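# Descriptive structure summary
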Amino acid sequence: MTLTRRSFLAGTLLAGGSLWAASSLWRPSAAAESRQLKIPELIDARDKSQSVVLKAQIGKTSFFPGRESVTLGYNGSYLGPTLRVHRGDDVEMVVTNALGEDTTVHWHGLLIPGELDGGPHQTIRSGSTWRPVLPIRQPAATLWYHSHIHGRTGEQVYAGLAGLLIVSDDDERALGLPSEYGVDDLPLILQDRQFENGTLVLPQGMMSVMHGRRGDTLMVNGTVNPTARVPRGLVRLRLVNGSNAREYDLAFADDRPFHWIASEGGLLDKPVELRTLRLAPGERAEILADFSDGRPATLETGPDGNLPMMMGMMTAAANLGRIGRETVVRFEPQGKPALESKVPDRLHAYERLDEVKAVRRRRFVMNMGMGGMMRGGPSMGGMMRGGMGMLGINGRTFDMGRVDEQVRLGDIEVWEVSGDMMAHPFHIHGVHFEVLSRNGSAPGIRDQGLRDTVVAQGPVELLVKFTQTAMASPFMYHCHILEHEDNGMMGQFSVS
Ligand code: C2O
Ligand code: CU
Ligand code: CU
């Protein structure tokens, strides 16, 4: 029984999977070989006189030698180029859709008006081109872009429609942080995918809706089992959790400390020394890792623990073989030791939001359990119609035609967010927020900084500032487990 809507792509990907699985030159040992980490091409909007050309297309990718998978990418077969834009510029994006099905491109984390946001309302029809001009007015940060097509975001991102978006500014450049792209400033897009005999397959069915699509193979920038050559010194890692559902619990195998320097919204006041870092879907973190001792280092993650309770137990039983830590990426320091590798004492004071100025409070409960269904009649109907719709927010499943909340431009509000059955990464479009409290206590160390995505299970209070208009086109708020989002755990708000 398949409960997920099937698209052209899903058909292709599945057909691709069985086709290739039928020929059996596959050596399982290929899975164990380490490969050099791919670094996506950099498009700097300054060099390209500020017009950035992206083409969403179908391609074939060899994740394992001799095995081809049907995938999607921007300007290539899987993922997209890294786009670097500069504060103060207006950057024209020229996005052509050559997929053979509709898509959108959402600039996750950019503070721009609703009609430029690339959410589900800015559909780029198959064969057409979208040309938004994006005003870049926010501080330096690591953002990303990805498909946000209504109901099929999970599928399109899984197949490869995502990329990194870097905002740079003068304050950040003045700090002298490592910033040579691909050398000491590395993008690391973390994803898990499911393979059969070396070919990518798309998980389908009820479990993949409840859990979100997950896989037994980790990749970074589309490279399975990657090794990165790095200089012997400080290296900046821009970590993006680009998985559909999986959370990472990152640490170096030798337990070396590293410095966390930027949250989703940009630089922190000062570096924070950590040894572990949790990263939920949609979240980003910049860290400085010190490789000046010249010793190889391995970044690892713990077992994937964030699953709805009952199903989590079933999955854990099925996965007993892979409990323990897994390699995310190996680093091999090369060359002479750097003359200097000092972490700066201070970074950049970000704009603090004032709690006293909050004008109202709204509550959002992300539900996947019966409670939410019972309260929200409409989601019950949705479930009967298509097997969807038991997921929702405040008991209501997403409806493109319904604006759930109306916010006034310039206001600061408190949004109290919680979730049932598991931790859900809550994301709000077009805003920055700060975490005010978590589970009734002071925020944790990883809650600091400006953000656009935050994990919630017990109640988290967010102080949100609305600086962007969304009138003709509302903004979204949703769980960033993409299958939860696709199946109704999303709402929309206008700002005017
Ligand atoms: Cu990263 Cu609404 O998305
Ligand atoms: Cu977003
Ligand atoms: Cu969720």
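Conventions we followed
- Every chain's residues receive numbers from 1 upward, in the order its sequence appears when written.
- Each chain is given a letter, starting from A, and each ligand a number, starting from 1, according to the order in which they appear as written.
- A pLDDT threshold of at least 70 governs which residues receive local features in this predicted model, and a stricter bar of 80 or more applies before side-chain atom pairs are shown or counted, although totals over entire chains, interfaces and linings include all residues.
- Helix and strand definitions follow DSSP, with helices as H or I runs of at least four residues and strands as E runs of at least two, each counted in order from the N terminus.
- Working definition of burial: number of other C-beta atoms within 10 Å of the residue's own, with buried at 20 or more, exposed at 12 or fewer, and partly exposed in between, all C-beta atoms being placed from the backbone.
- Here contacts are defined at the residue level, using C-beta atoms placed from the backbone and a cut-off of 7 Å between them.
- The rule for pairing is simple: two strands pair if DSSP sees at least two bridges between them.
- Fitted lines through C-alpha atoms serve as axes, helices being fitted only where they are in contact, and the angles separating the N-to-C directions of these axes extend from 0 to 180 degrees.
- The nonpolar core criterion groups buried Ala, Val, Leu, Ile, Met, Phe, Trp, Tyr and Cys residues into a set whenever they are joined through C-beta atoms within 7 Å.
- A residue's pLDDT is the predictor's confidence in that residue, given on a scale from 0 to 100.
- These domain boundaries are the output of an automatic or database domain assignment.
- Each residue is assigned to one of three groups, with Ala, Val, Leu, Ile, Met, Phe, Trp, Tyr, Cys and Pro labelled nonpolar, Asp, Glu, Lys and Arg labelled charged, and all others, Gly among them, labelled polar.

## Things to note about the overall build of the protein
Counting its regular elements, the protein contains 8 helices and 34 strands. Residues classed as buried in the protein amount to 50% of the 496 residues present. Here the analysis covers contacts within the protein between residues at least 6 apart in sequence; of these, 79% occur between residues at least 24 apart.

## With respect to the environment of valine 201
As for its placement among the helices and strands, valine 201 is situated in strand β13 (residues 199–201). Separated by 168 residues in sequence, valine 201 and glutamate 33 have C-alpha atoms that sit 21 Å apart.

## Some points on the sheet that holds strand β25 (residues 360–367)
The strand order β26-β25-β28-β32-β30 describes an open sheet built from 5 strands, whose pairing is mixed. The sheet is open, and its two edges are formed by β26 (392–393) and β30 (431–438), each paired on a single side. Bridge count between β25 and strand β28 (residues 412–419): 7 bridges; the pairing is parallel. Following the sheet pairing, arginine 362 is matched in β28 by tryptophan 415.

## Quick look at the sheet that holds strand β5 (residues 82–86)
As a general point, the strands of a sheet are linked pairwise by backbone hydrogen bonds and lie either parallel or antiparallel. Spatial strand order, β2-β5-β11-β10-β7: 5 strands in an open sheet with mixed pairing. Across the chains shown, the open sheet's two edge strands, defined by having one partner strand only, are β2 (42–44) and β7 (106–108). In this sheet, adjacent strand axes meet at a mean angle of 25° when their direction is disregarded.

## Quick look at the pairing of strand β19 (residues 258–263)
Among the 6 residues of β19, 6 are classified as buried, and the element is accordingly described as predominantly covered. Bridge analysis of β19 against strand β20 (residues 266–274) gives 5 bridges, and the strand direction is antiparallel. Residue pairing for β20: alanine 262 is matched across the bridge by leucine 267. The hairpin turn running from β19 into β20, its antiparallel successor, is 2 residues long. Pairing of β19 with strand β22 (residues 284–290), which is carried by 3 bridges, proceeds in the antiparallel orientation. Residue pairing across strands places alanine 262 opposite glutamate 286, the latter belonging to β22.

## Regarding the pairing of strand β24 (residues 326–337)
Both strand β16 (residues 226–232) and β24 contribute to a ladder of 6 bridges, which runs parallel. Note on β24: the bridge partner recorded for proline 231 is glutamine 334. Two elements, strand β23 (residues 297–301) and β24, share 5 bridges in a ladder whose sense is antiparallel. Across the sheet, residue leucine 299 finds its bridge partner in β24, namely valine 329.

## Considering the nonpolar core
Leu188, Ile287 and Leu462 are the most contacted members of the largest nonpolar core, which has 116 residues in total. Contact partners of leucine 188, with chain neighbours within four places excluded, come to Val220, Asn221, Leu237, Arg238, Leu239, Val240 and Val329.

## Things to note about the confidence of the model for the protein
For any part of a model where pLDDT is low, the fine detail of the predicted coordinates should not be relied upon. Chain-level pLDDT for the protein is 90 on average; 87% of the residues reach the 70-or-more range. Within the model, the stretch residues 15–24 combines pLDDT values under 50 with 14 contacts to residues more than four positions away or in other chains. Interface confidence in the predicted complex, given as ipTM, is 0.99; pTM for the same model is 0.92.

## Thoughts on the domain arrangement of the protein
When the parts of a complex come together, some accessible area is lost, and that lost area is often taken as the interface size. Domain boundaries in the protein define domain 1 (8–170), domain 2 (185–337) and domain 3 (355–495). Contacts between the two partners involve 17 residues from domain 1 and, on the opposite side, 19 residues from domain 3. Classifying every residue of the side of domain 1 that touches domain 3 gives 5 nonpolar, 9 polar and 3 charged.

## Here's the deal with the environment of leucine 347
With respect to the helices, strands and loops of the structure, leucine 347 is situated in the loop between β24 and β25. Looking at leucine 347, the number of C-beta atoms within 10 Å reads 21, which means it is buried. A sequence separation of 172 residues divides leucine 347 from leucine 175, and the C-alpha atoms of the two residues are 7.1 Å apart. Setting aside residues no more than four positions away along its own chain, leucine 347 makes contact with Leu175, Ile261, Leu267, Leu268, Asp269, Lys270 and Pro271.

## Description of the environment of valine 495
Inspection of the secondary structure puts valine 495 in strand β34 (residues 490–495). Overall, the presence of 22 C-beta atoms within 10 Å leaves valine 495 in the buried class. Placed 86 residues apart in sequence, valine 495 and leucine 409 show a C-alpha to C-alpha distance of 5.5 Å. If we skip the residues at most four places from it in the chain, valine 495 touches Val407, Leu409, Phe466, Gln468, Thr469, Ala470 and Phe475.

## Comments concerning unusual backbone geometry
Phi angles above zero are rare outside glycine, and leucine 79 is one such case at about 60°. Relative to the assigned elements, leucine 79 resides in the loop between β4 (67–74) and β5. If you check the backbone angles, asparagine 197 has positive phi at about 50° while not being a glycine. Mapping asparagine 197 onto the fold places it in the loop between β12 (185–196) and β13.

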